[in-house]
Amino acid sequence: MSEAVTTRRSRITPEREAELYGAVLDLLREVGYDAVTMDAVAARTRSSKATLYRQWGGKAELVVRAMRSQKPGGIADVDTGTLRGDLHTVVRREDDCAMAQNAALMRALAMAVHMNDDLRQAFKELLVEPEMKGFRRMIRRAVDRGEVRPDNPALDYVVHMLVGAFATRTLIDDLPPTQQFLTSYIDAVVLPALGVTTH
């Protein structure tokens, strides 16, 4: 699949790709996933529908790649020498405005992910798995450094804790996730669960 995707996507400039992704995200915020159509994207971006299908195969891949385009680099690249430093760095890479926008996009997609198999598959393959892989590598380095015991039962739940905090902030507190909230959550919840002291 990845080879075909690479071949498909090589015919468009990065500037044009960014413009298309921006338009897709705007549409997603405006009307929600179900109402986003390739016709609407084509009209909004002055593209042909055939070009969109050739580049992305379908709506699910286009939407998820548009969301991934907003992510600032890979988590696996972050290596400050401590787990606390790594987690704080990941949180600081997106400002509060970007985080609020991403949270709104996640809410717009939440129901659609459960209702559409193709979207769920693209979401898992292109967004969730790369993030999980990056976090697993980060945690493995912390274990190798001796910061976290290899038998700590919380190791399997780090991503769940972080995603949970991000996703439920608005639901519980009626506030968007912020850098300050997430860094304090990491220090108060995630690191203690892993047995890492924060002083």
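Predicted, not measured: the structure shown is a model, and the values here were computed from it.

### Description of the overall build of the protein
Secondary structure summary: the protein contains 10 helices and zero strands in total. Starting at the N terminus and ending at the C terminus, the protein contains elements arranged as α-α-α-α-α-α-α-α-α-α. Overall size of the protein, expressed as C-alpha extent along the three principal axes, is 55 × 40 × 30 Å. Counting the 199 residues in the protein, one finds 41% classified as buried.

### Observations concerning helix 6 (residues 83-92)
By the criterion of burial, helix 6 is predominantly enclosed, with seven of the 10 residues buried. Within helix 6 the residues assigned to the buried category are Leu83, Gly85, Asp86, Leu87, His88, Val90 and Val91.

### What about the pattern of salt bridges?
For the structure on display, the rule yields 14 salt bridges. One salt bridge in this structure joins Arg65 and Glu61, with 3.0 Å as the shortest N-O distance. Of this pair, Arg65 and Glu61 both sit in helix 5 (residues 59-68), four residues apart, which is roughly one turn of that helix. The class of Glu61 is buried, set by a relative accessible area of 11%. Notably, a salt bridge pairs Arg120 with Asp117, separated by 2.3 Å at the nearest N-O pair. Here Asp117 and Arg120 lie together in helix 8 (residues 117-144), a separation of three residues that amounts to about one turn. Among the charged side chains, a network of salt bridges with common partners joins Asp79, Asp86, Arg141, Arg145 and Glu147.

### Quick notes on the side chain of Arg169
Counting through the fold element by element, Arg169 comes out in helix 9 (residues 158-173). A polar atom in the side chain of Arg169 sits 3.4 Å from the backbone oxygen of Pro176. Once residues lying within four places of it in the same chain are set aside, the contact partners of Arg169 are Asp174, Leu175, Pro176, Pro177 and Phe181.

### Description of the environment of Glu94
Tracing the chain through its elements places Glu94 in the loop between helix 6 and helix 7 (96-115). Glu94 sits 22 residues away from Asn116 along the chain, and the two C-alpha atoms are 28 Å apart.

### A closer look at the packing of aromatic side chains
Going through the model one piece at a time under the given rule, you end up with two aromatic pairs. Here the guanidinium or amino end of Lys59 rests over the ring plane of Tyr33, the centre of that ring lying 4.1 Å away. Its end group placed over the ring of Phe181, Arg169 keeps NZ or CZ at 4.0 Å from the ring centre.

### Comments concerning helix 3 (residues 38-45)
For helix 3, the full list of buried residues reads Met38, Val41, Ala42 and Thr45. Axial view of helix 3: buried residues confined to an arc of 100°, hence all on one face. Buried residues belonging to helix 3 abut helix 2 (14-31), helix 4 (49-56) and helix 5. Positive backbone phi, approximately 55°, marks Arg46, located one or two places after helix 3.

### Overview of the confidence of the model for the protein
The share of residues in the protein with pLDDT of 70 or more is 93%, and the mean pLDDT across the chain is 87. Mean pLDDT in the protein bottoms out at helix 1 (residues 2-9), which sits at 46, and peaks at helix 10 (residues 179-193), which reaches 96. Contacts for the low-pLDDT stretch residues 1-9, under 50 throughout, to residues beyond four places or in other chains number 16 contacts.

### A look at the packing of helix 6 against helix 10
Packed helix pairs are characterised by how far apart their axes lie and by the angle those axes make with each other. Axis separation between helix 6 and helix 10 bottoms out at 9 Å; the angle between their running directions is 155°. One way to sum up the angle between helix 6 and helix 10 is to call them roughly antiparallel. Classified by chirality, the crossing of helix 10 by helix 6 is right-handed. Here Leu83, Arg84, Leu87, His88, Val91 and Arg92 of helix 6 come into contact with helix 10, specifically with Gln179, Leu182, Thr183, Ile186, Asp187, Val190 and Leu191.

Basis of the calculations
Residues numbered from 1 in each chain as written. Predicted model: local features only at pLDDT ≥ 70, side-chain atom pairs only at ≥ 80, totals over all residues. Heavy atoms only, no water. Helix = DSSP H or I, 4+ residues; strand = E, 2+ residues; numbered from the N terminus. Buried < 20%, exposed > 50% of the residue type's maximum accessible area, 1.4 Å probe, protein only. Salt bridge = Lys/Arg side-chain N within 4 Å of Asp/Glu carboxyl O. Polar contact = N/O pair within 3.5 Å; in protein donor to acceptor, adjacent residues only side chain to side chain. Contact = heavy atoms within 4.5 Å. Phe/Tyr/Trp six-rings, centres within 6.5 Å; stacked < 30°, edge-to-face > 60°. Lys NZ or Arg CZ within 6 Å of the ring centre and 35° of its normal. Arc of directions from axis to C-beta. pLDDT = per-residue confidence, 0-100. Axes fitted to C-alpha atoms, helices over the stretch in contact; angles between N-to-C directions. Parallel < 35°, antiparallel > 145°, perpendicular 65-115°, else oblique. Left-handed = near helix turned anticlockwise from the far one by under 90°.

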